[in-house]
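Each chain, written out:
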Amino acid sequence: MGKRMAIAFALSTWLFSMVVMVAQAEDPYLFFTWNVTYGMRSPLAVPQQVILINGQFPGPNLNTTTNNNIVLNVFNNLDEPLLFHWSGIQQRKNSWHDGTPGTMCPIQPGTNFTYRFQVKDQIGSFHYYPTLGFQKAAGGFGGLRVNSRLLIPVPFADPEDDYTVLIGDWYSKSHVELRKQLDNGVPLGKPNGVLINGKQGKVGDNSEEPLFVMKPGKTYRYRICNVGLKNSLNFRIQGHNMKLVEIEGSHTQQAMYESLDIHLGQCYSVLIAADQEPRDYYMVASTRFTKYHFQATGRIRYTNGKGKASPILPLAPTSWAWSLNQFRTFRWNLTASAARPNPQGSYKYGQINITRTIKLANTNGYVNGKLRYAINGASHVDPTTPLKLAEYYNIASKVFKYDTIADEPTPDLDKTQKNNLGPVVLNATFRNFVEIIFENHERSVQSWHLNGYSFFPVAIEVGQWTPEKRKNYNLLDTVSRYTIQVYPKSWAAILLTFDNAGMWQIRSESLERAYLGQQLYVSVLSPERSLRDEYNMPEGALVCGLVKGMPKPAPYTI
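All values reported here derive from a predicted model rather than from experimental measurement.

When its volume is computed, the largest pocket comes out at roughly 1,400 Å³. Lining of the largest pocket is provided by 50 residues; of these, Q90, R92, K120, D121 and Q122 occupy positions nearest its centre. Where the lining of the largest pocket is concerned, the elements lending two or more residues are β5 (69-76), β7 (112-118) and β30 (490-497). The residue makeup of the lining of the largest pocket, split by class, is 19 nonpolar, 16 polar and 15 charged.

A word on the packing of aromatic side chains. Aromatic ring pairs: the centre-centre distance and the angle between the two ring planes describe each pair. One pass over the structure, following the stated rule, counts 35 aromatic pairs. With centroids separated by 6.2 Å and ring planes inclined at 55 degrees, the aromatic side chains of F57 and F141 adopt a geometry described as tilted. You can see F57 sitting in the loop between β3 (48-53) and β4 (62-65) and its partner F141 sitting in the loop between β8 (124-130) and β9 (142-147), a full 84 residues away along the chain. For F57, a relative accessible area of 15% corresponds to the buried category. A relative accessible area of 6% means that F141 is categorised as buried. Aromatic side chains Y349 and F456 sit 4.1 Å apart centroid to centroid with 10 degrees between the ring planes, which places their arrangement in the stacked category. Taken together, the positions of Y349 in the loop between α3 (320-327) and β21 (356-367) and F456 in strand β28 (residues 456-462) put the pair 107 residues apart, joining distant regions of the chain. Across the pair, F456 and Y349 agree in class, each one buried. Put simply, the rings of W34, F84, W86, F113, Y115, F117 and Y128 touch in pairs and so form one group of aromatic residues. Over the ring of Y129 we find K136; its NZ or CZ atom is 4.4 Å from the centre of that ring. Sitting above the plane of the W96 ring, K388 keeps its charged end 5.1 Å from the centroid.

With that settled, the discussion passes to the pairing of β4. Side-chain alternation along β4 places L62 and T64 on a buried face and N63 and T65 on a face that remains uncovered. As judged from the four bridges shared by β4 and β9, these two strands associate in the parallel manner. Bridge pairing links T65 to N147 in β9.

Turning our eyes to something else, we now look at the nonpolar core. Ranked by internal contacts, the top residues of the largest apolar core, which has 78 residues, are Y222, F235 and I436. With sequence-adjacent residues up to four places away left out, Y222 is seen in contact with Y163, V165, F212, M214, Y268, S269, V270, I272, M283 and I300. One finds L83, F126, V227 and C267 within the second-largest nonpolar core, a separate group that totals 41 residues.

Let us now look at helix α2 (residues 175-183). Within the sequence span of α2, burial applies to H175, L178, R179, Q181 and L182. Angularly, the buried residues of α2 cover 160 degrees about the axis, an arc narrow enough to put them on a single face. Buried-residue contacts for α2 involve β2 (29-41) and α6 (511-515). Two residues or fewer after α2 comes G185, characterised by a positive phi angle close to 80 degrees.

With that settled, consider the environment of V367. If you trace the backbone, V367 turns up in strand β21. In this structure V367 touches R372, N419 and L421, once residues within four positions along its chain are discounted.

For the rest of this paragraph, the subject is α3. Those residues of α3 that sit buried are S323, L324, Q326 and F327. For α3, the arc enclosing every buried residue in end-on projection is 160 degrees, short of the 170-degree limit, so these residues lie on one face. Check the buried side of α3 and you find it contacts β16 (250-257), β17 (259-262), β28 and β29 (483-486). The residue sitting at the N-terminus of α3 and contributing the capping side-chain oxygen is S319; that oxygen lies 3.2 Å from the backbone nitrogen of W322.

Another point: empty space enclosed by the protein. Per the counting criterion, the structure on display carries three cavities of 30 Å³ or more. Within this model, the largest cavity holds a volume of roughly 90 Å³. In terms of lining, the largest cavity is formed by 14 residues, of which the most central are F141, G168, D169, W170 and V227. Take the lining of the largest cavity: its biggest share by element is five residues, from strand β10 (residues 162-170). Of the volumes computed, that of the second largest cavity is approximately 60 Å³. For the second largest cavity, the full set of lining residues is W96, H97, T103, M104, C105, F113, L389, A541 and L542. Among the residues forming the lining of the second largest cavity, the class breakdown is seven nonpolar, two polar and no charged.

Thresholds applied
- Residues numbered from 1 in each chain as written.
- Predicted model: local features only at pLDDT ≥ 70, side-chain atom pairs only at ≥ 80, totals over all residues.
- Heavy atoms only, no water.
- 1 Å grid on protein atoms, 1.4 Å probe; cavity = no way out; pocket = protein on both sides within 12 Å on 5 of 7 lines; lining within 4 Å.
- Points joined across faces, edges and corners; volume = space filled by probe spheres on them.
- Helix = DSSP H or I, 4+ residues; strand = E, 2+ residues; numbered from the N terminus.
- Nonpolar A, V, L, I, M, F, W, Y, C, P; charged D, E, K, R; others polar.
- Phe/Tyr/Trp six-rings, centres within 6.5 Å; stacked < 30°, edge-to-face > 60°.
- Buried < 20%, exposed > 50% of the residue type's maximum accessible area, 1.4 Å probe, protein only.
- Lys NZ or Arg CZ within 6 Å of the ring centre and 35° of its normal.
- Pairing = 2+ DSSP bridges.
- Core = buried A, V, L, I, M, F, W, Y, C linked by side-chain atoms within 4.5 Å.
- Contact = heavy atoms within 4.5 Å.
- Arc of directions from axis to C-beta.
- Polar contact = N/O pair within 3.5 Å; in protein donor to acceptor, adjacent residues only side chain to side chain.

Have a look at this one:
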């Protein structure tokens, strides 16, 4: 770290040493300072370079409460540009700090930038990660929780403690090597293992320290997020059932599960009762839907427990039909309050008329001999000027074209395997209620995420979608969430209102697919250009590309 950076980092740490500040007539502020560096760790027993945040791998938990304002100063001490995305945080009226290359200029090496955003009207389990240059393959990810305010009732008793469990597949190659491999058009292939909180674990090694400790007779909350790159994972705990209570910011109807399929980018929250014989038990996360098998284990220890963990691990289910049936058991808790006092079920999403249907099909093919992934035949490429800045500065036509793909893929899409390269931006009408169909014509499970929103996944079925399939939609109590899986040769339908103005990414949660083009952006503009609908470009926002040096446009007004 250079002298100036060291002084700035020390000063920032001193200024932000008071973690919580309540401003008059405002919601509380939380201040954080992150020093992002490289470091050596051995996730799979072989030393490799990883990305650390304040010396931690994985990164620190961000522990917040509904409506908190987050002020997070990031010092980039890597040798390449950096951005962080807050997966599942809706950034109401504020895509400026969403942390994607379509909305922000990168934090250059040796500099710092302060994120400012509010976890407005949200509760639940989320995570963050770096979005540029395939850096997520080196770490830099961590848990993000949004606790309920004290005045809002939660549909279960306070747990004894609250634990974050980050599961994901892992490659022993550096992110730079993996990135170069993809840039050369070569697919990643299978990973080298699976991690739980940055560790693989070793069954039978009784010297291994526990990841978590439980007191007999107490109940604990575990927030489990799949932060991996390629694979769906199954999660289970030896000798314990899990009571599902929350998925991605929504309270669920509470039900018991022996194991949970957690797909890329997804977060589930469960309660675990410490009601078994006091000894050690293994958590297990293992790959699903693949010919290869990788797993990670982590110990849970009962206080005063004397017994060793059994080396016989619980088995995962074997078919994706089982996974689909499990998805269909998840139900929204209609009577529970979420971030506001009114019950979740007071929002009658099934009674709103659909104004637009968008069908998105994932495809793959080759461009100039190199592998690319696409949506409806269009493979996204990030321009040097972020899409949001180009739009705000009224030079969008110099950077991208709207609606370069139709709302429905062409019938011969799979046969042609033609991918067009360039920025992909859909133009959406503010406050329209839309239906999005994700069609998976491939033989692997896909996982999709929409920034800026939660949505209602009303159906997943085998085959191709037709309007007649709407009769099978769950229009009452499907769980509002921000990611959805699509099984092989299947489709998933989601419903949502585009009521959050900004520039929002739809992406494959497979990092390989997203990096090679399987993503797009949705532009949601308020016709009023009013502060009631969207914030102005923040003071101190980074500028780059064509807008660098341009005068700022006239600000939005009330």
